[in-house]
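Spelled out from the first residue to the last, the chains are:
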Amino acid sequence: MRSVLFMSRKGGTGKSTLTCSVADTYAKKGFDAFILDGDPMGSSINWFMKQKRVYPNGSLTCEKIQGDLRGPIEEAKKKYDIVLIDTPGSDCIELRSSLLSVETAILTLKSSDVDMDTKGYMQDLVLRAKEKNPKLKIKTLVTMVDHYISEDHLKHYIHLLSEAGLSPFPTAIQNLEAFHEAMAVGISVQDLRSYKAKKQINSVLEGLESE
Ligand SMILES: Nc1ncnc2c1ncn2[C@@H]1O[C@H](COP(=O)(O)OP(=O)(O)O)[C@@H](O)[C@H]1O
Ligand SMILES: [Mg+2]
């Protein structure tokens, strides 16, 4: 069993998109995956309601729950192989309570200085949660990288995250139409032709598995 939380201080960093595609990838691999949508916006549950996929070996379930998520996460951990929690892009009860129950918190950051500047605040939240949940690990994922961001600039961001002890995933998530389309029509990037998008999602799973 593995529990992973996607978090950010800002909205629109790709958390829901990642939650859905990562969950679908696990279900396709034969795991029983669960999405706990802790965001009142309900992006993950809306995607889940649209998607019609049947998984031959695994399964994918989604529930929207608000408030203190510790109990629901502990329950889900008993039932599913992988529990993915989608939270709002703000400091809230759903985020803080999840940090007390999950193994891994993935901080999603867009590739801009303004977004990178939010990392200290989020790192602090995680460090405080660690006092009560010593197993908690933080990882960072640079997301929605625009085509005009140079390779060197991206490496610089990843280096900064690494220096700050934020265990960055080596592969960033690019701003690609496939991610946008998948979310809009209720499918996963695994069902689209974008080799790049699939590779980027698979690298998230590899990063989680290599822990
Ligand atoms: N990597 C990406 N490339 C292109 N569009 C993306 C990507 N990730 C997310 N989007 C789009 O950006 C918007 C915000 O994404 P979302 O996953 O809802 O962010 P969050 O949950 O962090 O608020 C959505 O319209 C989504 O389709
Ligand atoms: Mg969201």
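Please refer to the structure higher up on the page.
None of the values given here were measured: they were computed from a predicted structure.

Spatial strand order, S3-S2-S4-S1-S5-S6: 6 strands in an open sheet with parallel pairing. The sheet terminates laterally at strand S3 (59-64) and strand S6 (137-143), the two strands that pair on one side only. Within the sheet, the average angular offset between the axes of one strand and its neighbour, ignoring direction, is 20°. Across the sheet, helix H6 (residues 119-130) is in contact with strand S1 (2-7), strand S5 (104-110) and S6; its angle to S5 comes to roughly 175°.

Gly14, Lys15, Ser16, Thr17 and Phe179 are the nearest of the 18 residues found near ligand 1. Elements with a contribution of two residues or more to the shell around ligand 1: helix H1 (15-28) and helix H8 (177-185). Of the residues in the shell around ligand 1, the class split is 5 nonpolar, 12 polar and 1 charged.

A separate point is the environment of Pro40. Its location among the elements puts Pro40 in the loop between strand S2 (32-37) and helix H2 (43-50). Measuring from C-alpha to C-alpha, the distance between Pro40 and Ile65 comes to 8.4 Å, with 25 residues separating the pair along the chain. Sequence-distant contacts of Pro40, defined by excluding residues within four places in its chain, comprise Gln66 and Pro88.

What counts and how
Residues numbered from 1 in each chain as written. Chains lettered and ligands numbered in written order. Predicted model: local features only at pLDDT ≥ 70, side-chain atom pairs only at ≥ 80, totals over all residues. Pairing = 2+ DSSP bridges. Helix = DSSP H or I, 4+ residues; strand = E, 2+ residues; numbered from the N terminus. Axes fitted to C-alpha atoms, helices over the stretch in contact; angles between N-to-C directions. Contact = placed C-beta atoms within 7 Å. Near = placed C-beta within 6 Å. Nonpolar A, V, L, I, M, F, W, Y, C, P; charged D, E, K, R; others polar.

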